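Here's the letter readout for the chains.
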Amino acid sequence: MKRALFPGSFDPLTLGHVDIITRATSLFDEIIVAIGVNADKKYMFSLEERKKFIEDTFADEPKVKVRTYKGLTVDFCKDIDAEFILRGLRNPADFEFEKAIAHTNRDLAPIETIFLLTSAQTSYIASNIVRDVIRNHGDYTKLVPDSVRVKQ
């Protein structure tokens, strides 16, 4: 079975994330969307909310599972027998950052990182931008799936 791990904080899940996950379902038998837990980071949405956003968005896609984890991504990959790490790239800066992480991960474990370019329609969307739009009471609904709704 080809299992890929798609790690992130998903604070919140965006249409860019959805694009990558959806397109990856044709490449892998199973995609584990893995929400990393970092006690030092301040999140806008609780872990339970972020998990529900993803579960609701992919409720009709049996290849997509949602898990949470702490620690190194490669260690979690080993724990769940994932051979691949899936990452989305929006721009050249993403590539440089992700390349360094991919090389480090490969040094730590026999895990390959697979990069998918985001679609042109979603390449500008980033979770930090979505959070800023939400904080300032803007129309964030064009940037996230229907499962992500905020009481303003």
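Because the structure is a prediction, the values reported are computed rather than measured. (Residues numbered from 1 in each chain as written. Predicted model: local features only at pLDDT ≥ 70, side-chain atom pairs only at ≥ 80, totals over all residues. Heavy atoms only, no water.)

## Brief notes about the overall build of the protein chain
The secondary structure content of the protein chain amounts to five helices and five strands. Scanning the protein chain from its N terminus toward the C terminus, one meets helices and strands in the order β-α-β-α-β-α-β-α-β-α. On C-alpha atoms alone, the protein chain measures out to a radius of gyration of 15 Å, which is about the 15 Å that the 2.2 N^0.38 rule sets for 152 residues. Across its three principal directions, the C-alpha atoms of the protein chain cover 45 × 35 × 30 Å. Counting across all 152 residues of the protein chain, residues that qualify as buried make up 46%. (Helix = DSSP H or I, 4+ residues; strand = E, 2+ residues; numbered from the N terminus. Rg over C-alpha atoms; globule rule 2.2 N^0.38 Å. Buried < 20%, exposed > 50% of the residue type's maximum accessible area, 1.4 Å probe, protein only.)

## With respect to the packing of aromatic side chains
Taken as a whole and judged by the stated rule, the model has five aromatic pairs. Their ring planes at 75 degrees and their centres at 5.2 Å tell us that Phe45 and Phe53 sit as a pair that is edge-to-face. Accessibility expressed as a relative area gives 6% for Phe53, which makes it buried. With a centroid separation of 4.8 Å and 10 degrees between ring planes, the pair formed by Tyr69 and Phe76 is classed as stacked. Considered together, Tyr69 and Phe76 belong to a single accessibility category, that of buried residues. (Phe/Tyr/Trp six-rings, centres within 6.5 Å; stacked < 30°, edge-to-face > 60°.)

## So, the UniProt feature "domain: Cytidyltransferase-like" (unreviewed entry) in the protein chain
Look at the UniProt record and you will see "domain: Cytidyltransferase-like" (unreviewed entry) annotated at residues 5–132. Annotation note: span residues 5–132, helix share 41%, strand share 23%, distance between end C-alpha atoms 27 Å. (UniProt positions renumbered as here; feature names shortened; annotations may be inferred.)

## Observations regarding helix 2 (residues 47–57)
The set of residues buried in helix 2 consists of Arg50, Phe53 and Ile54. All buried residues of helix 2 lie within an arc of 90 degrees about the axis, which places them on one face of the element. Buried residues along helix 2 sit against strand 2 (30–36) and strand 3 (64–69). (Arc of directions from axis to C-beta. Contact = heavy atoms within 4.5 Å.)

## A closer look at unusual backbone geometry
In this structure, the amide linkage connecting Asp11 to the following residue, Pro12, adopts the cis form with an omega of 0 degrees. The residue His137 is not glycine, and still its phi comes out positive at about 60 degrees. Tracing the sequence through the fold places His137 in the segment after helix 5 (127–135). Residue classification places His137 among the exposed positions, given a relative accessible area of 58%.

## Regarding the pattern of salt bridges
All chains considered together, the criterion is met by 12 salt bridges. In this structure, Glu55 engages Lys51 in a salt bridge whose closest nitrogen and oxygen atoms are separated by 3.8 Å. Placement of both Glu55 and Lys51 in helix 2 is noted, with a separation of four residues, approximately one turn of the helix. Linking Asp94 and Arg90 is a salt bridge whose minimum nitrogen-to-oxygen distance equals 3.0 Å. (Salt bridge = Lys/Arg side-chain N within 4 Å of Asp/Glu carboxyl O.)

## What about the sheet that holds strand 2?
Spatial strand order, 3-2-1-4-5: five strands in an open sheet with parallel pairing. Two strands close off the open sheet at either side, each with one partner strand: strand 3 and strand 5 (112–117). On average, adjacent strands in this sheet sit at an angle of 30 degrees to one another, irrespective of strand direction. As paired elements, strand 1 (residues 3–8) and strand 2 share six bridges and run parallel to each other. Bridge assignment links Gly8 to a residue of strand 2, and that residue is Ile35. Along the sheet, helix 1 (residues 15–24) contacts strand 1, strand 2, strand 3, strand 4 (84–89) and strand 5; its crossing angle with strand 5, the most-contacted strand, is approximately 115 degrees. Along the sheet, helix 3 (residues 73–80) contacts strand 1, strand 2, strand 3 and strand 4; its crossing angle with strand 1, the most-contacted strand, is approximately 145 degrees. (Pairing = 2+ DSSP bridges. Axes fitted to C-alpha atoms, helices over the stretch in contact; angles between N-to-C directions.)

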